[in-house]
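Observations on chain architecture
Letter by letter, the chains look like this.
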Amino acid sequence: MWSMPRNVRRSRRAPRFHPFVVRAVRCSLVILILGLAGLRAEAQFGPTLIVTAKAEMRQLPYTLALVGTVEPFRRSTIGAEMAGLVTAMPLRQGDRAETGTVFCQLNDDLLARDLARAEARLAALRSRLEELERGTRPEVIARLRAELAAEAALAERWVFELGRVRRLQGENYANEREYQDALADQLAADSRRAAAQAELDEAVAGPRAEVIAQARHDVVEQEAVVARIRTEIEKTKIAAPFTGFVARRFAEVGNWLGVGGPVVELIDLERVLVRVD
């Protein structure tokens, strides 16, 4: 039997194409089929509506789900600076407290009385200091001068009387006792005139510098007393040191708080700390 040579059989095999060419042909066939189907559908149902939009470039947020714990940025247990009886707790657990908001009030009745008494004494000391600094009033100086004039006139009268008694004694019309009485009255009148003169000089000169300095010291000392009592009254108002929320209440109305006793726990949620597991 005749057989074809091997080289001839190989030459009659189907030609091989590159894979890219094969894929391109397949895609062309698919597009052709879809196009024919679209033409058929358009002929049957009409043209297809197409909605267009302007393309824009933007960065989309990247989200990542994680498991963690959220904690307040600040957490503080507020305590009492002084001992006292709780009379008011206006904020409840969960309430928001701004900086300076009072969330606990202690009894301040005794301190208020002490403050009133201290302020009254301070006012009196200030008035005394003001009087000393202004010096003696003109009316007082005028009165003292009038008193000095009266004492001087009386002293002159007793000088005249003593001379008259001395003359009478020389003529044996007055005895020794009358002379001694007149002399005593004249000496007493001179003493009263000297006292009136000294009082007038003191009034004109005004208070001594040492007296004014002591009065100023008394005023400063009493001002410190008033400031101390006011500070203690402010301590009876326990306020929030920062803005936050009341997480816990450790005291209620009627409780007695000691120095440093806890009142509330305050947390700051304006910023938080996130701890990821």
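Data block above holds the structure.
Right, let's walk through the structure included here. (Residues numbered from 1 in each chain as written. Predicted model: local features only at pLDDT ≥ 70, side-chain atom pairs only at ≥ 80, totals over all residues. Heavy atoms only, no water.)

What follows concerns the overall build of the chain. When its secondary structure is counted, the chain shows six helices and eight strands. Taken across its 277 residues, the chain has 23% of its residues classed as buried. Restricting to contacts in the chain with at least 6 residues of sequence separation, those with at least 24 account for 80%. Summed over its atoms, the accessible surface of the chain is roughly 21,200 Å², and 57% of this surface lies on carbon and sulfur atoms. (Helix = DSSP H or I, 4+ residues; strand = E, 2+ residues; numbered from the N terminus. Buried < 20%, exposed > 50% of the residue type's maximum accessible area, 1.4 Å probe, protein only. Contact = heavy atoms within 4.5 Å. Areas by Shrake-Rupley, 256 points an atom, 1.4 Å probe, with all protein chains shown as cover.)

Aromatic rings in a pair are described by how distant their centres are and how their planes are angled relative to each other. Taken as a whole, this structure holds zero aromatic pairs when the rule is applied. Here the guanidinium or amino end of Arg74 rests over the ring plane of Phe242, the centre of that ring lying 4.3 Å away. Above the plane of the ring of Phe73 lies Arg271, whose end atom (NZ or CZ) is 4.0 Å from the centre. (Phe/Tyr/Trp six-rings, centres within 6.5 Å; stacked < 30°, edge-to-face > 60°. Lys NZ or Arg CZ within 6 Å of the ring centre and 35° of its normal.)

Membership of the largest hydrophobic core comes to 32 residues, with the highest contact counts inside it found for Phe103, Cys104, Ile238, Leu257, Val263, Val264 and Leu266. Residue assignment for this core shows that the elements contributing at least two residues are strand 4 (102–106), helix 3 (109–134), helix 6 (209–235) and strand 8 (262–276). One finds Leu144, Ala196, Leu200 and Ala203 within the second-largest nonpolar core, a separate group that totals six residues. (Core = buried A, V, L, I, M, F, W, Y, C linked by side-chain atoms within 4.5 Å.)

The antiparallel open sheet is built from four strands, whose spatial order is 1-8-6-3. One side of each edge strand has no neighbouring strand; the edge strands of this open sheet are strand 1 (68–79) and strand 3 (96–97). As judged from the two bridges shared by strand 3 and strand 6 (residues 244–249), these two strands associate in the antiparallel manner. Bridging across to strand 6, Arg96 finds its partner in Phe245. (Pairing = 2+ DSSP bridges.)

A few words on helix 5 (residues 176–205). Helix length check: helix 5, at 30 residues, gives a terminal C-alpha distance of 43 Å against a target of 44 Å (1.5 Å per residue), a fit within 8%. Considered for burial, the residues of helix 5 that qualify are Tyr179, Ala182, Gln186, Ala189, Ala196, Leu200 and Ala203. Contact partners of the buried residues in helix 5: helix 4 (138–170). The opening residue of helix 5 is Asn175, an N-cap whose side-chain oxygen sits 3.3 Å from the backbone nitrogen of Arg177. (Expected span 1.5 Å × (residues − 1). Polar contact = N/O pair within 3.5 Å; in protein donor to acceptor, adjacent residues only side chain to side chain.)

It is worth spelling out the pattern of salt bridges at this point. If you walk through the whole model with that rule in mind, you get 20 salt bridges. With a shortest N-O distance of 2.9 Å, Glu265 and Arg75 are connected by a salt bridge. Residue Glu265 is found in strand 8, and its partner Arg75 is found in strand 1; the two are separated by 190 residues along the sequence. Among the residues examined, Glu265 registers a relative accessible area of 10% and is labelled buried. When its relative accessible area of 53% is taken as the criterion, Arg75 is described as exposed. Residue Glu130 is joined to Arg134 by a salt bridge in which the shortest nitrogen-to-oxygen separation is 2.7 Å. One end of the pair, Glu130, and the other, Arg134, are both in helix 3, four residues apart, so they sit about a helical turn from each other. What makes Arg134 exposed here is its relative accessible area of 69%. Through salt bridges with shared partners, a single network forms among Arg96, Glu98 and Glu270. (Salt bridge = Lys/Arg side-chain N within 4 Å of Asp/Glu carboxyl O.)

Glancing now at the packing of helix 4 against helix 5. Across the interface, helix 4 lies against helix 5 with an axial gap of 8 Å and an inter-helix angle of 160 degrees. Between helix 4 and helix 5, the interaxial angle falls into the category roughly antiparallel. Viewed along their axes, helix 4 and helix 5 form a crossing whose handedness is left-handed. By residue class, the composition of the contact of helix 4 with helix 5 is 18 nonpolar, three polar and twelve charged. (Axes fitted to C-alpha atoms, helices over the stretch in contact; angles between N-to-C directions. Parallel < 35°, antiparallel > 145°, perpendicular 65-115°, else oblique. Left-handed = near helix turned anticlockwise from the far one by under 90°. Nonpolar A, V, L, I, M, F, W, Y, C, P; charged D, E, K, R; others polar.)

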